[in-house]
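Residue-level structure breakdown
Below, each chain spelled out in residue letters.
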Amino acid sequence: MRSATASAHPNIALAKYWGKCPGSANVPAVPSLSVTLSGMSTTTTVSFDDTLLHDELVINDARMGGRSLARASALLDVVRAEANMTARSARIVSKNDFPTASGLASSASGFAALALAAVRAAGLDWSLSQVSDLARRSSASAARSLFGGFVELDGGEGGEGGVACARPIASPDSIDLRVLVCVTAEGAKSISSTCGMRMTQETSPYYDAWLVHARRLFVQIRSDLLAGDFHAVGEGAEKSALGMHACAMAAGIVYVTGATLAALAEVRAMRAEGIDAYATIDAGPHLKCLTTSRSMHDAKERLLRVPGVLRIVETLPGEGACITQESLGQESPAQGKPGR
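Residues numbered from 1 in each chain as written. Predicted model: local features only at pLDDT ≥ 70, side-chain atom pairs only at ≥ 80, totals over all residues. Heavy atoms only, no water.

With that settled, the discussion passes to the overall build of the protein. Each helix and strand in the protein was counted, giving nine helices and 14 strands. Relative to the 2.2 N^0.38 estimate, which gives 20 Å for 340 residues, the radius of gyration of the protein is 20 Å and therefore close to what a compact globule would have. Its C-alpha atoms give the protein principal-axis dimensions of roughly 65 × 40 × 35 Å. Within the span of the protein, comprising 340 residues, buried residues form 57% of the whole. Of the contacts made within the protein by residues no fewer than 6 positions apart, 78% connect residues no fewer than 24 positions apart. Both charge centroids of the protein, one from 32 positive and one from 33 negative side chains, sit 3 Å from each other. (Helix = DSSP H or I, 4+ residues; strand = E, 2+ residues; numbered from the N terminus. Rg over C-alpha atoms; globule rule 2.2 N^0.38 Å. Buried < 20%, exposed > 50% of the residue type's maximum accessible area, 1.4 Å probe, protein only. Contact = heavy atoms within 4.5 Å. Lys, Arg positive; Asp, Glu negative; His and termini not counted. Charge placed at Lys NZ, Arg CZ, Asp CG, Glu CD.)

Shown next, in the form of structure tokens:
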């Protein structure tokens, strides 16, 4: 048996993508910029074991099958081919310390941790960029969770064989940023991000306008981040989130709830009163309040009083994915094929 355990954090996009390029390469339609968050994490162990008849997947103590297992096995198939493994099935055991499949980027941290653990368990000596590219094939946002701090992901040049690289552009402490995650539901969301994106691309009358808007916001938010301007970054991030959801809503894809909108109203009220507070919302009902160390306490107290906010997770920019344990048995590490 060869095994490795990796830990990864979710990320939230400040400049969002929503939609994919044509083809099977899983390339976002536009570039995006995210921040990797400490305070929430996924821990995943991959064990290659010749005694197994097929791959097994356990998430939060529940055995998974169907599409979840198929996506994990597809990632492992790439690793097995690169490491010249002929018959090694794997057992994957993963745990999230935050709600799963609910719009809190559990797929990003999940596939980032899975990719890193699988590559290491197979004995492949890959760079973090190679692991990031592997994770992107399964979940585009997972490419960003391999890195810490603020990370950009290419988009817009897809198609068959397309490549979209993720790269860190600023360290976790490059800007005074705190993120208050307002959890408004504990269960899984009813529409997956993949399905929501596809339906938006196919039916939203605003999709083409969103692509233009998203690219412009990415350029501006990136510039504001590198300039260290919290308020400009917050303003751009809020515009990006609202533009994404407006485009999706026009296709009948609604992730926000009454609690989401109530929290958004509170964020705007706080900002009018001089509290550092901006909002971003991913494909789910949870609002994330972007604030500063100066305003974090006041913002948290106010948001906890919003009806429908169940709890708040305090986070801040954190580090990238890492290996926490490995056991490669008695075999010498597989060399695999040359790095891509």
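The subject of this paragraph is the pattern of salt bridges. Here the structure, examined in full by the defined rule, presents 23 salt bridges. Notably, a salt bridge pairs Arg268 with Glu238, separated by 3.2 Å at the nearest N-O pair. Of this pair, Arg268 sits in helix H8 (residues 258-272) while Glu238 sits in helix H7 (residues 230-249), and the two are 30 residues apart along the sequence. According to the relative accessible area criterion, Arg268 is partly exposed, its value standing at 43%. The partner of Arg302 in a salt bridge is Glu273, and the shortest N-O contact between them spans 3.0 Å. Of this pair, Arg302 sits in helix H9 (residues 296-304) while Glu273 sits in the loop between H8 and strand E11 (278-281), placing them 29 residues apart in sequence. (Salt bridge = Lys/Arg side-chain N within 4 Å of Asp/Glu carboxyl O.)

Our next topic: the confidence of the model for the protein. Confidence in the prediction for the protein averages 92 pLDDT; 93% of positions are at 70 or higher. A low-confidence stretch, residues 331-340 (pLDDT under 50), is modelled with 24 contacts involving residues beyond four sequence positions or located in other chains. (pLDDT = per-residue confidence, 0-100.)

On any regular strand, side chains alternate: one points to one face of the sheet, the next to the other face. Strand E4 (residues 42-49) sits mainly inside the fold: six of its eight residues count as buried. When strand E1 (residues 2-8) meets E4, the two strands line up antiparallel, connected through seven bridges. Pairing of Ala4 across the sheet is with Val46, part of E4. (Pairing = 2+ DSSP bridges.)

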